[in-house]
Amino acid sequence: MRFISLFLATVVAVLFLPAFFLDTSLAQSSNFTVYYVSLSGSAIVPQMAETTASGGAGAILRGNKLRVSGTFANLSGNLRDYTTDPPVPPNPNVTSAVHIHRGAVNENGPFQYALKVSLNADKRSGSLSGEYDLTTEQLQALRGGQLYLDLHTTTNRAGELRGVFKPL
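The following refers to the structure shown. This one's a predicted model, so the numbers in the text were calculated from it and none came from an experiment.

## Examining the sheet that holds strand β5 (residues 111-114)
With respect to topology, four strands assemble into an open sheet ordered β5-β4-β8-β9, the strand pairing being antiparallel. Every other strand in the sheet has two partners, leaving β5 and β9 (161-164) as the edge strands with one partner each. Taking the axes of each pair of neighbouring strands and ignoring which way they run, one obtains an average angle of 25 degrees across the sheet. Contacting β4 (98-102), β5 and β8 (147-151), helix α3 (residues 136-143) crosses the sheet at an angle of about 85 degrees to β8.

## What to know about the sheet that holds strand β10 (residues 166-167)
The six strands are arranged β6-β7-β3-β2-β1-β10 in an open sheet whose pairing can be described as antiparallel. Each end of this open sheet is capped by a strand with a single partner; those strands are β6 (116-119) and β10. Across nine bridges, strand β2 (residues 54-62) lies against strand β3 (residues 65-73) in antiparallel orientation. Counted as the bridge partner of S54 is A73 from β3.

## Some details on the pairing of β9
Alternating residues of β9 divide into L161 and G163 and R162 and V164, and every residue in both groups is buried. Bridge count for β8 against β9 is four bridges, and the pairing is antiparallel. Note on β9: the bridge partner recorded for L151 is L161.

## Remarks on α3
Turning to α3, its buried residues number three or more, namely Q138, L139, A141 and L142. The buried side chains of α3 occupy one side of the element, clustering within an arc of 160 degrees when seen end-on. The exposed set on the far side of α3, more than 90 degrees from its buried face, consists of T136, Q140 and R143. Positive phi shows up at G145, right after α3, with a value of about 70 degrees.

Calculation notes
Residues numbered from 1 in each chain as written. Predicted model: local features only at pLDDT ≥ 70, side-chain atom pairs only at ≥ 80, totals over all residues. Heavy atoms only, no water. Pairing = 2+ DSSP bridges. Helix = DSSP H or I, 4+ residues; strand = E, 2+ residues; numbered from the N terminus. Axes fitted to C-alpha atoms, helices over the stretch in contact; angles between N-to-C directions. Contact = heavy atoms within 4.5 Å. Buried < 20%, exposed > 50% of the residue type's maximum accessible area, 1.4 Å probe, protein only. Arc of directions from axis to C-beta.

Dropping the structure here:
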């Protein structure tokens, strides 16, 4: 477990700290919290996904602004296309197969934000990113371990990878 935490801390540092020092709005204050997300199929609710896929993300919270960046690999299918396979009930804000939800670890919660996705040539791996202004309720959920990242594929429509934002 310690190795994983150290690895994630290194990933967060490599992904975020260069932008942190180049962005003057971030450099104005030293008050920030770093979070990580370990993505796995075993975290899917209500039933774990049969997958060899994995992924992870890091996030920095400064004030109410959350910046997220991460990667995923070995997906069992293509990412779910919400333009041809929309959620029920319809939600026009669900624009990608990778998004943030609010809810407890053992339940599915409401959609909060879609993340930008860049696929690699194999279409089964890639990167994710986003920047969001969180509401007071979302900040409380994040600090309480009730914001999670979810990734959906055509093979595992209900979710192939999932992980909760945890402070580093």
